[in-house]
Each structure stands twice: as structure tokens, then as C-alpha cells.
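Architecture at a glance
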Amino acid sequence: KAKMTRRGSHVIFESAIRQELENRLTLESELALAADRGEFELFYQPQVRLVDGSLLGAEALIRWRHPARGYVSPGEFMPVVNTSSLSERIANWVMETACRQARAWELSGNSVRVAINLSPSQLDSGDLAHSVAALLAKTGLTPSLLELEVTEDILLHDESRVLDMFERIQQLGVRVLFDDFGTGYASLSYLKKFPLDGLKIDRSFVLDLLADSDDAAIVGSTIGLSKQLGLTVVAEGIENRATADFLVSMGCEEGQGYFFGRPMPAEAFERQFLPAELEAVSAA
Ligand code: C2E
Ligand code: MG
Ligand code: MG
Ligand code: MG
């Protein structure tokens, strides 16, 4: 009897796995179709100088404009993209689209630094430094207006190769930032190993900063550490003024979050942030 139960649950387990596999394959082919149809878009979220809220740049964040479901968040499909054959194609599209946008803004008189999230495949295959150089040449974008964000899962790759790649990317004048700092297993050892220009404090430490003294301690130490290492520090997930003020009091200079602006289409970003920039220039 016990044997039968085990067999029964075994069958259920197997069918759950099969279902999951089917779901993944369906999503994968939907995503390939979406790429063919041009259903991916980049949204832009403002990054600001915290003391005065002035615009420094924007983080490019991918969205899937699904014909029936509307905008789908990257959390729902990027894990599948990143482990499928689509990965390189979409990563290249993100890079090229963001660089073209940044160049268009640059030409319109707005030096908006654009930050791109790198995908694991970009450190695996080919030569990233080379493709970044080629993209800069092709678009004419000033290298200092480009920033690359890497997460810990990317740094798990062949260490000496990544190190060499980062050095060559930085020699181009492009900056590399460590994203989601503090959420991984070995954040501190990566700071020691890799040439980084800055780090982004993960929003999980910032969202509840005012109420949680542990978060405050972690954020405060991270800011201090960054300064001592000569790194730029960007806080993400700032949802209200009080959090921004508290971060300023702890010495954090840059940030992003819903308080300053949500990720939005390029046109909305221009309407909301770039005219003010131009006014500020002409008023000066
Ligand atoms: P991330 O790079 O850490 O991006 C920041 C995420 O925090 C974004 O989520 C953004 O919408 C969200 N966020 C910003 N401010 C606030 C806030 O004040 N409160 C809260 N609760 N959330 C805030 P999003 O756009 O859903 O992206 C999620 C993740 O997907 C990104 O995390 C990044 O790891 C990945 N991702 C997004 N776009 C791309 C892309 O083009 N390529 C790659 N490889 N990954 C991407
Ligand atoms: Mg990011
Ligand atoms: Mg992040
Ligand atoms: Mg994240």
C-alpha cells in the first residue's frame, strides 16, 4: 500500500515537472515571436543627485509589450530569456537601443547618462569590450554617458576573463557598476577582486530604511565603505522624500526610485525630465 502511495506521488511529481517544462517551452517560443514582432521596449527610470533632485541619468529597463497582457515586467520573462538561445539577441537589442537613445538625447543637448543591465550571456560569448567599442563608434555616443550594471550571477563567470573584460571596457571610458549590492553571497569579495566604478545598494535595504534600524546600519556602512574605496554609490528603491533626506544625511549622493520617477517610455521621460533640464540651462 505504501508502495502505491509512493508511486502515486511520483506520478504527480513527474507531471508537475512536465507541466513546468511545457510552460517554459511555450514562453520561450512566445518570446522568440515577440522579438520578431518588435514587442520589446525599453523604459527609462531617472537617476538623480539626491541633494537637489537634479537629473544625472536613466536606467534602461526592458518591458515586453504583450498584445493581450499589456506591459510584462522583466522578472516574469528575463530568467527564461537569459537561459535560452534568445539571450544574446535580446541583450544586443537592449544595448543598441539604449545607446541610440542616449546618443539622440546627447544630440538634443541633454547629457543623460544611460545605464544598461548586462545579461550573463554577454560575459560568456564573444568579446563584450569589443562589441561595446563597436557600438560606441557606430552610434557616436560619448563613452562617459554609458554605464553597465552587473550583478553577482554575472561575476560567477571565469574570473580572469571578466577582470580583463572590465578593464578594457573602462579603458573605453565606460563605467561599470555592481547592481543589487548586498543581496548576494560574496558582495565584499567581488569589490576586492573586480575593478568597479560604483555600486548600487539593493532596494530591499532601502524600501524600509526609515523603520528598520538593521537596514539603516547596512546602508550606512555600505555608503562608508564605498567612499573609502573611492566608489560611486547609488541607492535604489527610494519611494519618499524622507528616505532621500536620510540617505543624504548618511552621505549618499545618487539615487533612483518611484519618488523621483517610475520607469517610463522614452517619450514620457523626455516630457517629464528633459524640458526642465533645457530650461535650467537657458535660465543659467
Ligand atoms: P534592477 O536592475 O535592480 O532594476 C531596478 C528595479 O527596481 C526595476 O524593476 C525598477 O522598476 C524597480 N524600482 C525602481 N525604483 C523602485 C522603487 O522606488 N520601489 C520599488 N519597489 N521598485 C523600484 P524592473 O524594471 O521590474 O526590473 C527588474 C530587474 O530585471 C532589474 O533589476 C534587472 O535585474 C532586470 N532587467 C530589467 N531590464 C533588463 C535588461 O534590459 N536586461 C537585463 N539583462 N536585465 C534587465
Ligand atoms: Mg539595474
Ligand atoms: Mg538593482
Ligand atoms: Mg534587481
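Here goes a summary of the coordinates provided. A quick note: this is a predicted structure, and the numbers were derived from the prediction, not measured.

**Topic: the coordination of the magnesium ion (ligand 2)**
Listed as protein donors to the magnesium ion (ligand 2) are E59 (OE), N117 (OD1), E149 (OE) and D179 (OD); their distances from the metal cover 1.9 to 2.2 Å. Read in sequence order, the donor residues for the magnesium ion (ligand 2) give the motif E-x57-N-x31-E-x29-D. Here the magnesium ion (ligand 3) and the magnesium ion (ligand 2) are spaced 4.1 Å from one another, each receiving a donor from D179. Note that E59 is positioned in strand 2 (residues 54-66) and E149 in strand 5 (residues 146-150), a separation of 90 residues in sequence. What makes E149 buried here is its relative accessible area of 1%.

**Some points on the nonpolar core**
Grouped together as the largest cluster of nonpolar side chains are 78 residues, with contacts concentrated most on L247 and F269. The greatest single-element share of this core, amounting to seven residues, is contributed by helix 3 (residues 87-107). The contact partners of F269, leaving out residues within four places of it in the chain, are Y44, Q45, P46, L55, G57, A58, W105, V112, M264 and L274.

**Topic: the side chain of D179**
Checked against the element boundaries, D179 lands in strand 6 (residues 175-181). For the buried residue D179, which engages in no salt bridge, the nearest side chain bearing the opposite charge is K200, 4.4 Å off. Beyond its immediate stretch of four places on either side in the chain, D179 contacts E59, N117, E149, V150, T151, K200 and E236.

**Points about a nonpolar patch on the surface**
Among the surface-exposed residues, F13, I17, L21 and L25 lie close enough to one another that they form a single nonpolar patch of about 410 Å² accessible area. Along the polypeptide, F13 turns up in helix 1 (residues 2-37).

**Overview of the site of ligand 1**
Residues in contact with ligand 1 amount to 23 residues; listed here are only the nearest, R63, S119, D179, E239 and Y258. At 3.0 Å, a side-chain N or O of D180 approaches an oxygen atom of ligand 1. Protein chains bury 86% of the 800 Å² of accessible surface belonging to ligand 1 in isolation. Of all the elements in the fold, those that place two or more residues in the shell around ligand 1 are strand 2, helix 2 (74-82) and strand 6. Here the shell around ligand 1 gets four residues from one element, more than from any other, and that element is strand 2. Of the residues belonging to the shell around ligand 1, the class tally is ten nonpolar, five polar and eight charged.

Reading the values: the criteria
- Residues numbered from 1 in each chain as written.
- Chains lettered and ligands numbered in written order.
- Predicted model: local features only at pLDDT ≥ 70, side-chain atom pairs only at ≥ 80, totals over all residues.
- Heavy atoms only, no water.
- Donors = N, O, S within 2.8 Å, 3.2 Å for Na, K, Ca; no water.
- Helix = DSSP H or I, 4+ residues; strand = E, 2+ residues; numbered from the N terminus.
- Buried < 20%, exposed > 50% of the residue type's maximum accessible area, 1.4 Å probe, protein only.
- Core = buried A, V, L, I, M, F, W, Y, C linked by side-chain atoms within 4.5 Å.
- Contact = heavy atoms within 4.5 Å.
- Lys, Arg positive; Asp, Glu negative; His and termini not counted.
- Salt bridge = Lys/Arg side-chain N within 4 Å of Asp/Glu carboxyl O.
- Patch = residues over 30% accessible without salt bridge, like charges linked within 9 Å, V, L, I, M, F, W, Y side chains within 5 Å.
- Areas by Shrake-Rupley, 256 points an atom, 1.4 Å probe, with all protein chains shown as cover.
- Near = heavy atom within 4 Å.
- Polar contact = N/O pair within 3.5 Å; in protein donor to acceptor, adjacent residues only side chain to side chain.
- Nonpolar A, V, L, I, M, F, W, Y, C, P; charged D, E, K, R; others polar.

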